[in-house]
Amino acid sequence: MPAEATFRPPVQSGKLVSISIVSHLHGPLVHDLLQDIARHCSDIEVLLTINVEETLRFDPAGLAFPLRIIRNAAPRGFGANHNAAFREASGGYFCVLNPDIRLDADPFPALIEALAQEKVGVVAPKVVNSEGEIEDNARRFPTLSVVLRKALSGEQHHDYEIADQPLHPDWVAGMFMLLRSAVFRQAGGFDERYFLYYEDVDLCLRLRRFGYGALLEPRAQARHDARRASHSDVLHLLWHIRSLARFFLIRRRKGNSRLV
């Protein structure tokens with residue numbers, strides 16, 4: 001499969017939101033998220049990818065919205081899974097959603113309204129953690145100097161002050177992002193050469209080259225139980241480092257001096 005896939009999804013309904021969720025043995029989290037979606041959201045469909053074989057402990061037929069389950073014969077990366085789900089999507093909007101997100105209200109009306117702005121290509125809600133603290137899901141494009149400084153100092157800080165006004169960051173995190181399906185298709189979807197990490201950074205950078213920016217819309221809000229696997233698991237850390245290196249190498253070859 002090429003790095004940037006060609007998409008030929010079904011005829012899409014303008015108002016429908018297609019939500020792509022990938023489970024990697026996240027069954028209980030998926031169950032809770034689907035209950036939130038059923039409780040608060042309308043005009044949606046869910047495409048659930050089972051990336052590692054597991055038994056779902058809920059009845060998909062009992063949900064109040066269409067749910068399609070995609071089971072992988074072998075695990076695939078973040079971008080490959082969401083690209084495959086997009087090819088099955090019917091909605092005019094495509095939402096990438098982590099299974100550890102929780103919803104206390106319907107975030108989509110405000111997000112869709114934000115996407116109505118001509119130059120907005122991707123939008124995200126304000127995200128808080130389980131303690132109510134604001135997550136840093138809106139960030140600046142990374143530079144080598146900033147990455148090295150963070151690695152050596154161990155300091156973590158927000159690139160932007162997220163408050164009650166819309167924010168135009170360089171990129172928004174793939175834990176929760178919403179795009180018009182036509183724009184996601186135009187950008188070529190996620191670059192599948194990234195197995196995990198930096199797919200969202202890369203997508204937002206490519207959207208910018210098409211004239212689309214990112215937006216954080218604080219009128220919409222979600223909760224996130226961040227796992228930070230790359231900070232504690234050696235394999236995830238290696239994936240993180242590999243993706244970071246790929247991001248810098250690919251962008252440097254394309255002459256984007258701002259990112260080196």
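In case you missed it, the structure is sitting above this.
Just so it is clear, the model here is predicted, and its values are computed rather than measured. (Residues numbered from 1 in each chain as written. Predicted model: local features only at pLDDT ≥ 70, side-chain atom pairs only at ≥ 80, totals over all residues. Heavy atoms only, no water.)

Novice: Can you break down the environment of Phe247 residue by residue, with the values?
Specialist: Mapped onto the elements of the fold, Phe247 is located in helix α7 (residues 234-253). On the basis of relative accessible area, Phe247 is assigned to the buried category, the value being 0%. For the pair formed by Phe247 and Arg193, sequence separation is 54 residues and the distance between their alpha carbons is 9.9 Å. (Helix = DSSP H or I, 4+ residues; strand = E, 2+ residues; numbered from the N terminus. Buried < 20%, exposed > 50% of the residue type's maximum accessible area, 1.4 Å probe, protein only.)

Novice: Got a sec to walk through helix α6 (residues 199-209)? Specific residues and values, please.
Specialist: Counting buried positions along α6 yields 9 of 11 residues, so the element is predominantly enclosed. Where α6 is concerned, the buried positions are Glu199, Asp200, Val201, Asp202, Leu203, Cys204, Leu205, Arg206 and Leu207. Following α6 by one or two positions, Gly211 has its phi on the positive side, about 95°.

Novice: Account for the pairing of strand β2 (residues 44-50), with residues named and values stated.
Specialist: Here β2 lies mainly inside the structure; 7 of its 7 residues are buried. Burial along β2 is two-sided: Ile44, Val46, Leu48 and Ile50 facing one way and Glu45, Leu47 and Thr49 facing the other are all buried. As judged from the 5 bridges shared by β2 and strand β3 (residues 67-71), these two strands associate in the parallel manner. When the bridges of β3 are listed, Val46 appears paired with Leu67. (Pairing = 2+ DSSP bridges.)

Novice: Any details on the nonpolar core? Residues and values, ideally.
Specialist: As a rule of thumb, nonpolar side chains are buried together in soluble globular proteins. Judged by nonpolar contacts, the single largest core of 70 residues is most densely connected at Ile19, Ile21, Leu34, Ile37, Phe108 and Phe176. Apart from residues lying up to four places away in sequence, Ile21 is in contact with Val30, Leu33, Leu34, Ile37, Val46, Leu47, Leu48, Thr49, His82, Leu97 and Pro99. Among the nonpolar cores identified, the runner-up in size contains 5 residues, and Ala138, Ile162, Leu167 and Leu216 belong to it. (Core = buried A, V, L, I, M, F, W, Y, C linked by side-chain atoms within 4.5 Å. Contact = heavy atoms within 4.5 Å.)

Novice: Outline the pattern of salt bridges, supporting the account with residue identities and numerical values.
Specialist: As enumerated under the stated definition, the model contains 12 salt bridges in all. Two residues, Arg219 and Glu113, come together in a salt bridge whose shortest N-O distance is 3.5 Å. One end of the pair, Arg219, is in strand β10 (residues 213-224); the other, Glu113, is in helix α3 (residues 108-115), with 106 residues separating them in the sequence. In this structure, the salt-bridge partner of Arg206 is Asp202, at a minimum N-O distance of 2.7 Å. Here the residue Arg206 and the residue Asp202 both occupy positions in helix α6, the gap between them amounting to 4 residues, near one helical turn. Exposure class is identical for Arg206 and Asp202. Each is buried. In the salt-bridge network here, residues are joined through shared partners; they are Asp36, Arg39 and Arg102. (Salt bridge = Lys/Arg side-chain N within 4 Å of Asp/Glu carboxyl O.)

Geometric descriptors of this kind do not, in isolation, establish any biological role.
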